[in-house]
Structures are given as structure tokens and as C-alpha cells.
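# Summary of the model geometry
For reference, the chains in residue letters:
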Amino acid sequence: VDRLRLCFSELRVDVILVTHLPNIFYVTGFSGSAGLLLVEPENGLLLIDSRYTFQAREEVSGVRVQTVKHGLLRGAGEAISRVSRRGRVSVAYSPAQLTIAQKQTLDAATGGRARWVPANGLVEKLRAIKDADELSRMRQAADAISKTFCDVIPMIRPGVTELELAAEIEYRMKRLGASGPSFETIVASGARSAWAHARPTAKPLKKNELVVLDQGAILRAYCSDMTRTVFLGRTSEKVRRMYRAVLEAQEAAKNAIRSGVAAEAPDTAARHVLKKYGLSRFFTHSTGHGLGLEVHETPRLGKGERTKLEEGMVVTVEPGVYVEGFGGIRIEDDVVVTSTGAQDLTSAPRELLEL
Ligand code: ZN
Ligand code: ZN
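Heads up: these notes are all about the structure in this document. Residue indices begin from 1 for each chain and proceed along its sequence in written order. Ligands are numbered from 1 and chains lettered from A, in the order in which they are written. Since the coordinates come from a predicted model, pLDDT governs what is reported: local features require at least 70, and pairs of side-chain atoms require 80 or more to be given and counted, while whole-chain, interface and lining totals use all residues. Water and hydrogen atoms were dropped before computing side-chain values, which therefore reflect all heavy atoms in the structure.

We now examine the side chain of T316. For helices the rule is a DSSP run of H or I covering at least 4 residues; for strands it is a run of E covering at least 2, with both sets numbered from the N terminus onward. Among the structural elements, T316 can be located in strand β15 (residues 314-317). A simple rule labels every residue: compare its accessible area, found with a 1.4 Å probe on the protein chains alone, to the largest value its type can have, and call it buried under 20%, exposed over 50%, or partly exposed in between. The class for T316 is buried, based on a relative accessible area of 0%. Whenever two N or O atoms come within 3.5 Å, that pair is a polar contact, provided that in protein one can donate a hydrogen and the other can accept it, and provided that, for residues adjacent in sequence, both atoms are side-chain atoms. Of the polar contacts made by the side chain of T316, one reaches the side chain of E318; its length is 2.9 Å. Excluding residues that lie within four positions of it along the chain, T316 makes contacts with D225, T287, G288, H289, L291, L301, E332, D333 and D334. Residues are treated as being in contact if the distance between any of their heavy atoms lies within 4.5 Å.

So, about the pairing of strand β6 (residues 114-118). What makes two strands pair is DSSP finding at least two bridges between them. Examined bridge by bridge, strand β5 (residues 89-93) and β6 share five bridges and lie parallel to one another. Across the sheet, the residue bridging to V89 is A114, located in β6. We call a crossover right-handed when, viewed with both strands directed away from the observer, the connection leading from the first strand over the helix to the second proceeds clockwise. In this view, the connection linking β5 to its parallel neighbour β6 by way of helix α6 (residues 100-109) has right-handed handedness.

Moving on, we come to the coordination of the zinc ion (ligand 2). Those donors, D225 (OD), H289 (NE2), E318 (OE) and E332 (OE), are the protein atoms that reach the zinc ion (ligand 2), and they lie 2.1 to 2.2 Å from it. Relative to the metal, the four donor atoms surrounding the zinc ion (ligand 2) lie at angles of 78 to 151°, and the coordination shape comes out irregular. Distance-wise, the zinc ion (ligand 1) is placed 3.2 Å from the zinc ion (ligand 2), both being coordinated by D225. You can see H289 sitting in strand β13 (residues 288-290) and its partner E332 sitting in the loop between β17 (327-330) and β18 (333-337), a full 43 residues away along the chain. Residue class for H289 comes out buried when judged on its relative accessible area of 8%. A donor here means any N, O or S atom no more than 2.8 Å from the metal (3.2 Å for Na, K and Ca); water is not included, so a site may seem to lack partners. A four-donor site is classed as tetrahedral when every donor-metal-donor angle falls between 85 and 135 degrees; four donors are called square planar, and six octahedral, when trans pairs exceed 155 degrees and all remaining angles lie between 65 and 115, with any other arrangement labelled irregular.

With that settled, the discussion passes to the nonpolar core. Soluble globular proteins tend to pack their nonpolar side chains together in the buried interior. Grouping buried Ala, Val, Leu, Ile, Met, Phe, Trp, Tyr and Cys residues that are joined through side-chain atoms within 4.5 Å yields what is termed a nonpolar core. Judged by nonpolar contacts, the single largest core of 55 residues is most densely connected at L4 and I16. With sequence-adjacent residues up to four places away left out, L4 is seen in contact with I16, V18, V27, V39, L122, V123 and L126. Residues A245, F282, V317 and V321 belong to the second largest nonpolar core, which totals 32 residues.

As a further point, take the sheet that holds strand β12 (residues 226-231). In space, the four strands of this open sheet follow the order β8-β9-β12-β20, with mixed pairing throughout. The open sheet has two free edges, formed respectively by β8 (186-189) and β20 (353-354), since each of these has just one partner strand. The pairing of β8 with strand β9 (residues 210-215) spans four bridges and is antiparallel. Each bridged residue has a counterpart across the sheet, and for A188 the counterpart in β9 is V212. To define axes, lines are fitted to C-alpha atoms, for helices over the stretch in contact only, and angles between the resulting N-to-C directions are given on a 0 to 180 degree scale. Where helix α9 (residues 162-175) meets the sheet, it contacts β8 and β9, and its direction lies at approximately 150° from that of β8.

This part is about the environment of L301. The topology assignment puts L301 in strand β14 (residues 297-301). Exposure remark for L301: the relative accessible area of 0% places this residue in the buried category. Sequence separation of L301 and G312 is eleven residues, and the distance between their C-alpha atoms is 15 Å. Other than its neighbours up to four places away in sequence, L301 contacts I257, A263, P266, D267, S286, T287, G288, H289, L309, V315 and T316.

By definition here, a salt bridge exists when the distance from a side-chain nitrogen of Lys or Arg to a carboxyl oxygen of Asp or Glu is within 4 Å. Going through the model one piece at a time under the given rule, you end up with 26 salt bridges. The partner of R330 in a salt bridge is E318, with the nearest N and O atoms 3.8 Å apart. With R330 in strand β17 and E318 in the loop between β15 and β16 (320-323), this pair connects stretches of sequence that are twelve residues apart. Of the residues examined, E318 reaches a relative accessible area of 7% and is grouped as buried. Linked by salt bridges that have partners in common, R228, K254, D333, D344 and R350 make up one network.

The structure is reproduced here in C-alpha cells:
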């Protein structure tokens, strides 16, 4: 809450309205599925409904909690109108995280007293840099997914379906303490492995196929996100070369990471390697993304990203090549940005596995 309050001097508003649940969790500790947070220079107020009264008592610190009866938006609008006895109340809010309908309801409940000041990414900016406690949670989430993948390797065989493998991965991560997957687990085999974000299907794995497995675990609220690509059978020279190119691109990207460099630097490094192999046109997404309470956070490691990497940021490094009708290869790790380089969090083997 105190760190968020530092924004007041720059913003010149009376209230900061926080609507995005991961941001509310970050600021207050509240993990419920509905709530609205108002932060003033001296006060903080979390509005919840009666389903969460007991839970909030247990979880929330640093702000007052109020259970509202007639809707959170109406409650928040009324609370905003009470901030000042007369005149307008300036409210910073995030347009990316409030629908037009929600804003209309809010505005009506303030009786037209609010002056809305768009301010995206205030809490996200704080969230981008992880403290020691957050890093230890993220290390645990990364360990859980690395171990899950290693445990599942013996099951990656011809005949098993993509869905069965995805189910096995999600079951095992929960046995290791994860509250759930960070995103719908991706298992994509054969030509489908060229779909960068394929959903697992009832398709059985076959001999001589590439299999992309992209998986992540949420542990103590923090996400991990790791991809490995394996081959069923003996690889051809073409597959080996593609794999070598992606692994080399990933290493180059990791080597380009340290605090102070622009977020596009690792992406440039990865593309440079793939270009050398004549594969850069098959690399169709950015090199990585921030990771934390959500699986996609700032910063994005991609073209044109001038934001500087800072110590304590956690990002994924995940170059890939995708050849339509043939297959895809992606290798993804989570790393912490330090002043001297990138420190790996995920640890499953990266060399090409022929199963
Ligand atoms: Zn991933
Ligand atoms: Zn990712």
C-alpha cells in the first residue's frame, strides 16, 4: 500500500481505484474472486461481498474492509462520493481493467462527482520487481513444474493421447503442492506442434513425432511457465538442426539478459541466432514475458521494447520455430534478472530427448 501511495505525488488525484484482482491481492493479500480497492493518501478501503467477510478478516492487512450489500460498483461509487464533502473527487483508474458498463454504474453511484483519470499499470509496475519472499515462492513454483515434467517423461510414448498427458501433468503438479496450472497445459504432437498455443486433443502420440509440452504451476499464488520439446524415436538431421538452433537462440537470449539492458535485447539476440540457421521467419512470437502472480506480466521481451530490465524481474525466455505441416520446437525457461545476468529458475533437462 505504501509503495502504491508514492504514485499520488505524480498523479494529483484523491483516490486510486484498483479493479484487477491480482493487483488487489498484491496490495492487500485478499484472494477472493470479487472485490474493489480504493486507496487514498491516508486510508485504504477494500469492498467485498458477504461471501468473503470471514476470509478477508484472515487475509487482508493494511486497509479497512467493508462488506457491501447492493453491489461492489455501487458501494465503490458511494465511497468515492464520500471522499470529499463538496466538489469533484479525482479518481485514478485503469481503463484496461474496467468495462464501459462497469464504469457507467460506478459513475452513476458517485452522483457525477468523480473526475476520472486514466492510469494504466500502476500496480503492475510495482509487481514487475519481485522481493525475496516472492522470489522464493517463484523458485518453488519452478521446481514443482521441473519435477512434474521429469516425472512425466516415462509416460510420453506412442499411443498416449495429448489430453491424457496434459491431465497427468496437472494431477502431478497438484500432488507436489500446486493449487493448479498457471494456464491450460499445452501438449501438441506431430504437425500440431507447429501451433504455438495448441489445445491438447484426443489425438494419440505417434512414432517419429515432435511433442511440445508447455506447462506451468501456481504455487503459493505465484506462477511458473516452462516448455520442453521431445521427439518420439530417432531424430532426422533436419530436426536435430532445428533443435540446436532453438537451444542456441535460447542461450543467446539468456546471455543478453541483465539489469540495465532494454527488454528487446534478448529478443534481438535470439533472432540473430535463428537467422544464422535460416529459421528466423519461423519464429512468430516474442522471446518472453514477465511472470509472477499472473502468467503474462510486464515486461515483454520483444521487438521495440525499450523498457529497461531491472534486478528482481522474472521473465520467461522461450524462442521457438514452427513449420506448418511439419512441426514446432520451443524451449522455455523462467529466469530472474540480476545485475550480472539471468539466473535460471526452471531446471528440467534442455538437451533433445529421443523417447
Ligand atoms: Zn509457456
Ligand atoms: Zn510463456
